[in-house]
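Descriptive structure summary
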Amino acid sequence: DPAQPPEYWRQRVGDIRDQLDRNKVYLDSLQSRINGLWTDFTARDDPAQRNLIFADRQRALNEQERLTKDQQELEKQLAAVEEEARRAGVPPGWLR
């Protein structure tokens, strides 16, 4: 609705961007954890410890995959809101 005030559009876009930023930070830290677990895994000789580390790494990889899918979905949502705003004649500055 083009009759919506600028705050409405800023809020919609801002919420999605905030979530994208949070996920990016979490993905970066998760990648560091995965790398650390791999280093720890390769440095161990004990099969029992290696199995535990491998399981932790696998859980982290699964979480990374889930977050990556979430990130892609959020990017689609952002593009949809931007397109909706464009079609509604909202000035681009309102989405910043």
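First things first, this report covers the structure right here in the doc.

Procedures and definitions
- Residues numbered from 1 in each chain as written.
- Predicted model: local features only at pLDDT ≥ 70, side-chain atom pairs only at ≥ 80, totals over all residues.
- Heavy atoms only, no water.
- Helix = DSSP H or I, 4+ residues; strand = E, 2+ residues; numbered from the N terminus.
- Rg over C-alpha atoms; globule rule 2.2 N^0.38 Å.
- Buried < 20%, exposed > 50% of the residue type's maximum accessible area, 1.4 Å probe, protein only.
- Contact = heavy atoms within 4.5 Å.
- Areas by Shrake-Rupley, 256 points an atom, 1.4 Å probe, with all protein chains shown as cover.
- Lys, Arg positive; Asp, Glu negative; His and termini not counted.
- Charge placed at Lys NZ, Arg CZ, Asp CG, Glu CD.
- Expected span 1.5 Å × (residues − 1).

Each helix and strand counted, the protein has two helices and zero strands in total. Relative to its length of 96 residues, the protein is extended, with a C-alpha radius of gyration of 20 Å against a globular reference of 12 Å. For the protein, the C-alpha atoms occupy an extent of roughly 65 × 15 × 15 Å along the three principal directions. For the protein, the residues scored as buried account for 24% of the 96 residues in total. Of the contacts formed within the protein by residues at least 6 apart in sequence, a portion of 76% connects residues at least 24 apart. In the structure as shown, the protein presents an accessible area of about 6600 Å², 51% of it carried by carbon and sulfur atoms. Side chains of the protein give 16 positive and 18 negative charges; the mean places of these two sets differ by 2 Å.

This part takes up the side chain of Gln64. Here Gln64 is to be found in helix α2 (residues 47-87). Taking the relative accessible area as the measure of exposure, Gln64 reaches 17% and is therefore buried. Non-local contacts of Gln64, meaning those with residues more than four positions away in its chain, are made with Leu27, Leu30, Gln31 and Ile34.

Its place among the elements puts Leu61 in helix α2. Classification of Leu61 as partly exposed rests on a relative accessible area of 24%. Between the alpha carbons of Leu61 and Pro91 there is a distance of 41 Å; along the sequence they are 30 residues apart.

For the rest of this paragraph, the subject is α2. If you check α2, its first and last C-alpha atoms are 59 Å apart, about what 41 residues at 1.5 Å a residue would give, namely 60 Å. Listed as buried for α2 are Ile53, Arg57, Ala60, Gln64, Leu67, Gln71, Leu74, Leu78, Val81 and Ala85. Along its buried surface, α2 packs onto α1 (6-43). Looking one or two residues beyond α2, the residue adopting positive phi is Gly89, at roughly 80°.

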